[in-house]
Amino acid sequence: MLASLRFALPCLLVAACMSNPPGSVDGSIKGNSYPVAAALSATVQTTSGGGFGMVVLSSAADACSPAAAQVSHPGEKSVVVIVAANDGRAIATPPTATGTYAIPDPTADPVPNAMVATVFTSNLDATCENNADDQTTAVSGTVTIDSIDGQLYSGSFDVTLDSGDHVTGSFSPGSCSSLAAIVTGDNPPPTCKP
């Protein structure tokens, strides 16, 4: 379940929500820096009855907009962090405990029983589209959740991406009520604006 999200979410997350002092992404990804202007957080419930916690670190300060006003920007970059409790079945649940969430071995099937995480990136092109060559996903490392306050997940990450890049970062996001609707496709797609 978590692995399939890395393909669907980058197209949906480019216009998510606004944040408090957001966080950081330290290290380059495919030679690019990833500045953080907004950090967004939500709990996403899936139609299968499961769910996950999500944090989006975005280079766009206006990343949290009402559904009718959502925009994406050429060159917009995002780092997406997903954490969940997994019992080895297809259904994961949103995290309720702080601690270390491990990036599972991408070749493992099924995912081991554990607190699991995934981290992936998006870098939009000149027409606000995702190019698969510009996306990366974590293949090892950890996400540490220091606090959970409702739908707000704060913490840090230390991961190696499939590009070979090693990045660390932190997040102290603000709430974004429309983030879950963006992920589940309940909001219209964003408009591309410079």
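Preceding block: the structure.
Figured I'd write up the structure that's included with this text. The structure displayed is predicted, hence computed values, not measured ones.

### Re the overall build of the protein
And step 1. If you tally the helices and strands in the protein, you get 2 helices and 13 strands.
And step 2. Expressed as a percentage of its 194 residues, the buried residues of the protein come to 46%.
And step 3. Here the contacts in the protein between residues at least 6 apart in sequence split such that 66% fall between residues at least 24 apart.
And step 4. About 8,300 Å² of surface is accessible on the protein, with carbon and sulfur atoms providing 54% of the total.

### Overview of the environment of Ala 102
And step 1. Its place among the elements puts Ala 102 in strand 7 (residues 99–102).
And step 2. Ala 102 sits in the partly exposed class, given a relative accessible area of 35%.
And step 3. When the C-alpha atoms of Ala 102 and Ala 84 are compared, they prove to be 10.0 Å apart, with 18 residues separating the residues in sequence.
And step 4. Ala 102 has contacts with Met 115, Val 116, Ala 117, Gly 141 and Thr 142, leaving out every residue within four places of it along the chain.

### Brief notes about the packing of aromatic side chains
And step 1. Counted according to the given criterion, the structure contains 1 aromatic pair.
And step 2. Taken together, a centroid distance of 6.5 Å and an interplanar angle of 15 degrees make the contact between Phe 157 and Phe 171 stacked. Taken together, the residues span a long stretch of sequence, with Phe 157 in strand 10 (residues 152–161) and Phe 171 in strand 11 (residues 166–171) at a distance of 14 residues.
And step 3. Just above the ring of Tyr 34 sits the side chain of Lys 77; from NZ or CZ to the centre is 5.5 Å.

### Digging into the nonpolar core
And step 1. Residues Leu 57, Val 81, Val 119, Val 143, Phe 157, Val 159 and Phe 171 are the most contacted members of the largest nonpolar core, which totals 22 residues.
And step 2. Ranked by the residues each element gives to this core, the list is headed by strand 10, at 4 residues.
And step 3. Among the nonpolar cores identified, the runner-up in size contains 15 residues, and Leu 40, Ala 63, Ala 92 and Cys 176 belong to it.

Reading the values: rules and limits
- Residue positions within a chain follow its written sequence, with the count starting from 1.
- Local features in a predicted model are, by the rule used here, given only for residues with pLDDT of at least 70; side-chain atom pairs are given and counted only at 80 or more, and totals for whole chains, interfaces and linings are based on all residues.
- Each side-chain value is worked out from all heavy atoms of the structure, with water and hydrogens disregarded.
- By the criteria applied, helices consist of DSSP H or I runs no shorter than four residues and strands consist of E runs no shorter than two, each listed in order from the N terminus.
- The classification of residues rests on relative accessible area computed with a 1.4 Å probe and restricted to protein chains. Under 20% of the type maximum is buried, over 50% is exposed, and intermediate values are partly exposed.
- Whether two residues are in contact is decided by their heavy atoms, any of which lying within 4.5 Å being enough.
- Surface accessibility follows the Shrake-Rupley procedure with a 1.4 Å probe radius. Residue values consider only the protein chains on display as shielding.
- Ring geometry is summarised as follows: Phe, Tyr and Trp rings, the Trp one being its six-membered ring, pair when their centres sit within 6.5 Å, and such pairs are stacked at plane angles under 30 degrees, edge-to-face over 60 and tilted between the two.
- Placement of a charge over a ring requires the Lys NZ or Arg CZ to be within 6 Å of the ring centre, with the centre-to-atom vector within 35 degrees of the ring normal.
- Take the buried residues of types Ala, Val, Leu, Ile, Met, Phe, Trp, Tyr and Cys, join any two whose side-chain atoms come within 4.5 Å, and each joined set is a nonpolar core.

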